[in-house]
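Residue-level structural notes
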Amino acid sequence: MARIDAVVLGAGIVGTSVALHLAKRSLSVALVDRRAPGEETSYGNAGVIEGNTIFPPVFPSDPSALLRVVLKRATEADYHLADLPRIAPWLLKFRAASAPARLIETVHAMRPMFARALAEHEALLAEAGATGYLRKRGWLKLYRSERGFAALKSELALADEFGIPYRLLTAEAALDLEPNLVPVFRRGVHWPRAASVTNPLAMTKAYAARFAQLGGIVMRGNARSLRRSDGYWRIDAAEGPLDARQAVVALGPFAPDLLEPLGIKLPLTSITGPPATRR
C-alpha cells in the first residue's frame, strides 16, 4: 500500500498547479484524474489570466438580460429545464450574493488572489519551460451602447481604488487597436494587465511534466472512491489503492459529487454548456 503526503484530485490547471506547488515544498504528492492532465475543462477554456478581474459573474439585474437567459439567447449562461428544480436553491443564493453590498465584500476578499495570478503563472511557466504560450497584450472589452458602458462606473471606481490600470476608448480608438473588429460597438476599455495563454492544454501538460520532474506521481483513478481508512484518505487508482495524509479536491463543477456523500455541501454548479458528465 503506497502512502504519501497528499493526493490532489483533478488534473486541470488548478489541480496541476496545486500539485506542482506541493511538490516544490518537498512533499510526496499524487495527481489523480480519470484522464490525462488538462484533458477535461482546462482543455477548452479561454486561456485568460485575469490580473484585472474585479467583479465576478453576477445574477442578471437588468430585465432584458434576464429575459435573454430565460429564452436561451444569452451567451453567458445556458440551462436545461429538467435541471431547474435541482439548481433553484443555488440560483436564489446566487441572486442574493449579487446584491451590490455583497459584491463589494466579494471583490475585496478576492482581489488579493486575482492580483497575484499573472505573476504566479509567469513563475510557473518559466520553471516549466512554457513561457512561449503566454501573451501579455491585455484584454479589450467592447460595449454596444452608452448605457452598457455607463454601467461600468462602479467597476472603474474600484479599479482606481486597487490601482488597476485601464484605458477608456472611443470606437475609433478601439478599431485602431484591433482593426479587424466589426464596428457594431460604441465604446471600449482596454485592461493591459490581463494576459492570455495560446494553448491551455499544452500549458497544463507542461506544469504536469514539471511536477513529475520533481518526483510527483500522475495517476489515473476514480475521484469518487475517496474515503477515510485507518486515518488516511484512500483513493482507488489504476495502479492500486493509495493512501494520503491530506486530500485536495480540485474537481470544479464535479466537486459536489465527491463532497456531498462526505457531508460537505458547497454552493457549486456549472452555469455554461451542457450538464457536466458525472465522475
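Here the structure is a predicted model, which is why all the values come from computation and not from measurement.

**Topic: the side chain of Arg-234**
- Mapped onto the fold, Arg-234 is located in strand E10 (residues 232–237).
- For Arg-234, the side chain forms a polar contact with the side chain of Asp-243, separated by 2.8 Å.

**Focus on a nonpolar patch on the surface**
- A contiguous nonpolar patch, built from Leu-66, Leu-67, Val-70 and Leu-71 and spanning about 340 Å² of accessible area, is present on the exposed surface.
- Tracing the backbone shows Leu-71 in the loop between helix H2 (63–70) and helix H3 (84–97).

**Concerning the sheet that holds strand E4 (residues 134–135)**
- Spatially, the three strands line up as an open sheet ordered E3-E8-E4, and their pairing is antiparallel. What marks the edges here is a single partner per strand, and that holds for strand E3 (48–49) and E4.
- As paired elements, E4 and strand E8 (residues 195–197) share two bridges and run antiparallel to each other. Note that in E8 the partner of Arg-135 across the bridge is Ser-196.

**Topic: unusual backbone geometry**
- Not every positive phi belongs to a glycine, and Lys-72 is a case in point at roughly 60 degrees.
- Along the chain, the position of Lys-72 falls in the loop between H2 and H3.
- Classification of Lys-72 as partly exposed rests on a relative accessible area of 44%.
- Although it is not a glycine, Asp-230 sits at a positive phi angle of roughly 55 degrees.

**Re the layout of surface pockets**
- In this model, the second largest pocket occupies a volume close to 200 Å³.
- Residue lining of the second largest pocket: Val-48, Arg-137, Gly-138, Trp-139, Leu-140, Leu-177, Glu-178, His-190, Ala-194, Ala-195 and Ser-196, and that is the complete set.
- For the lining of the second largest pocket, the secondary-structure elements that each account for two or more residues are strand E5 (139–143) and E8.
- Looking at the lining of the second largest pocket residue by residue, the classes come out as six nonpolar, three polar and two charged.

**A few points about helix H4 (residues 100–115)**
- With 16 residues, H4 ought to run about 22 Å at 1.5 Å a step, and its terminal C-alpha atoms sit 21 Å apart, in line with that.
- The largest bend in H4 comes to about 35 degrees, at Ala-109, with the proline Pro-112 one to four residues further on.
- Within the span of H4, buried status applies to Leu-103, Val-107 and Arg-111.
- Buried residues belonging to H4 abut H3 and helix H7 (153–162).

**Describing the pattern of salt bridges**
- Summed over all chains, the structure comprises 15 salt bridges.
- Two residues, Arg-34 and Glu-40, come together in a salt bridge whose shortest N-O distance is 2.8 Å.
- Taking relative accessible area as the criterion, Arg-34 reaches 32% and is therefore assigned partly exposed.
- Ionic pairing is found between Glu-127 and Arg-210, a salt bridge with its closest N-O pair at 3.0 Å. Here Glu-127, found in helix H5 (residues 117–127), pairs with Arg-210, found in helix H9 (residues 200–213); they are 83 residues apart in sequence, far enough to count as distant.
- Taking the relative accessible area as the measure of exposure, Glu-127 reaches 27% and is therefore partly exposed.
- Bridged by salt links that share partners, the residues Arg-3, Arg-234 and Asp-243 form one connected network.

**Looking at the sheet that holds strand E11 (residues 240–249)**
- The mixed closed barrel is built from five strands, whose spatial order is E1-E2-E9-E10-E11. Each neighbouring strand pair of the sheet contributes to a mean axis angle of 60 degrees, computed without reference to strand direction.
- Relative to E11, strand E1 (residues 2–9) runs parallel, the two being bridged by seven bridges. For Leu-9, the partnering residue across the bridge sits in E11 and is Val-249.
- Helix-sheet contacts for helix H1 (residues 13–24) involve E1, strand E2 (29–33) and E11, and the interaxial angle to E2 is about 170 degrees.

Criteria and cut-off values
- Residues numbered from 1 in each chain as written.
- Predicted model: local features only at pLDDT ≥ 70, side-chain atom pairs only at ≥ 80, totals over all residues.
- Heavy atoms only, no water.
- Helix = DSSP H or I, 4+ residues; strand = E, 2+ residues; numbered from the N terminus.
- Polar contact = N/O pair within 3.5 Å; in protein donor to acceptor, adjacent residues only side chain to side chain.
- Patch = residues over 30% accessible without salt bridge, like charges linked within 9 Å, V, L, I, M, F, W, Y side chains within 5 Å.
- Areas by Shrake-Rupley, 256 points an atom, 1.4 Å probe, with all protein chains shown as cover.
- Salt bridge = Lys/Arg side-chain N within 4 Å of Asp/Glu carboxyl O.
- Pairing = 2+ DSSP bridges.
- Buried < 20%, exposed > 50% of the residue type's maximum accessible area, 1.4 Å probe, protein only.
- 1 Å grid on protein atoms, 1.4 Å probe; cavity = no way out; pocket = protein on both sides within 12 Å on 5 of 7 lines; lining within 4 Å.
- Points joined across faces, edges and corners; volume = space filled by probe spheres on them.
- Nonpolar A, V, L, I, M, F, W, Y, C, P; charged D, E, K, R; others polar.
- Expected span 1.5 Å × (residues − 1).
- Bend = angle between axes of the 7 residues up to and from the residue.
- Contact = heavy atoms within 4.5 Å.
- Axes fitted to C-alpha atoms, helices over the stretch in contact; angles between N-to-C directions.

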